[in-house]
Amino acid sequence: MLVMQSRHCHRLTYVSQPLVDVGIFMLAYRGCLNQRCWDIYEGRAYIMDDQGVYSLDPQGKVEGLTIGLDDMWQTQIDWAKRRWFIVRADRRLNILRCSVAFYGDEGKYPTRQLCYSLDYKAWWEERYPTALIGSTDCRTQTENVVLLYGGID
């Protein structure tokens, strides 16, 4: 189990009885912004903290995904609105979607997504006319899993 703080990530393990044989180990000096800023896709955890987006493999190896975007990450994203930021993997398109708000965006919810192609290792920005306040995977009647976002309306 991963236990996340804002700037630290710990691994919690046990063999048979958590009260007796629990072990907590420091995994990385990276954290998580909120309970919506992580997703697991194909065995990797994708997590957003105030330093950017990174992936964490089962062995604990950290790979920064926002290298080269540091200036935008530190100067354009409105961290006062981070409570509502979201990270979700779009399994159908193999894209990581990070819902964020920039300085000057109206309201307290994100209306932009920074999207990362897991195939091509490239970033782009998408803008939406309504706020993105939540997301989930949903199984359709044809048994396909699709990513849904909720808005204010």
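Up top you'll find the structure we're talking about.
Just so it is clear, the model here is predicted, and its values are computed rather than measured.

Asker: Tell me about the side chain of Arg97, residues and numbers included.
Answerer: Along the chain, Arg97 falls in strand E9 (residues 95–100). Given the relative accessible area of 9%, Arg97 is considered buried. Engagement of the side chain of Arg97 in a polar contact is seen with the side chain of Gln113, the distance being 3.1 Å. Within the structure, the side chain of Arg97 is placed 2.8 Å from the side chain of Glu126, a separation counted as a polar contact. Not counting residues up to four positions away in its chain, the partners in contact with Arg97 are Ile86, Val87, Arg88, Asp90, Gln113, Leu114, Cys115, Glu126, Tyr128, Leu147 and Tyr149.

Asker: Before we move on, can you summarise the sheet that holds strand E5 (residues 44–49) with the specific residues and values?
Answerer: An order of E4-E5-E6-E7 is seen for the four strands of this open sheet, with the pairing classed as antiparallel. Both outer strands of the open sheet, strand E4 (38–41) and strand E7 (62–64), are each paired with one neighbouring strand and no more. In this sheet, adjacent strand axes meet at a mean angle of 25° when their direction is disregarded. Here E5 runs beside strand E6 (residues 52–56); their pairing, made up of five bridges, is antiparallel. In the strand pairing of E6, Ala45 is matched with Leu56.

Asker: If you had to explain the side chain of Asp57 to someone new, which residues and values would you point to?
Answerer: Note that Asp57 resides in the loop between E6 and E7. Within the buried core, Asp57 has no salt-bridge partner, and the shortest N-O distance to an opposite charge, that of Arg44, equals 4.3 Å. Looking at Asp57, its side chain comes within polar contact range of the main-chain nitrogen of Gln59, at 3.0 Å.

Scoring rules and cut-offs
Residues numbered from 1 in each chain as written. Predicted model: local features only at pLDDT ≥ 70, side-chain atom pairs only at ≥ 80, totals over all residues. Heavy atoms only, no water. Helix = DSSP H or I, 4+ residues; strand = E, 2+ residues; numbered from the N terminus. Buried < 20%, exposed > 50% of the residue type's maximum accessible area, 1.4 Å probe, protein only. Polar contact = N/O pair within 3.5 Å; in protein donor to acceptor, adjacent residues only side chain to side chain. Contact = heavy atoms within 4.5 Å. Pairing = 2+ DSSP bridges. Axes fitted to C-alpha atoms, helices over the stretch in contact; angles between N-to-C directions. Lys, Arg positive; Asp, Glu negative; His and termini not counted. Salt bridge = Lys/Arg side-chain N within 4 Å of Asp/Glu carboxyl O.

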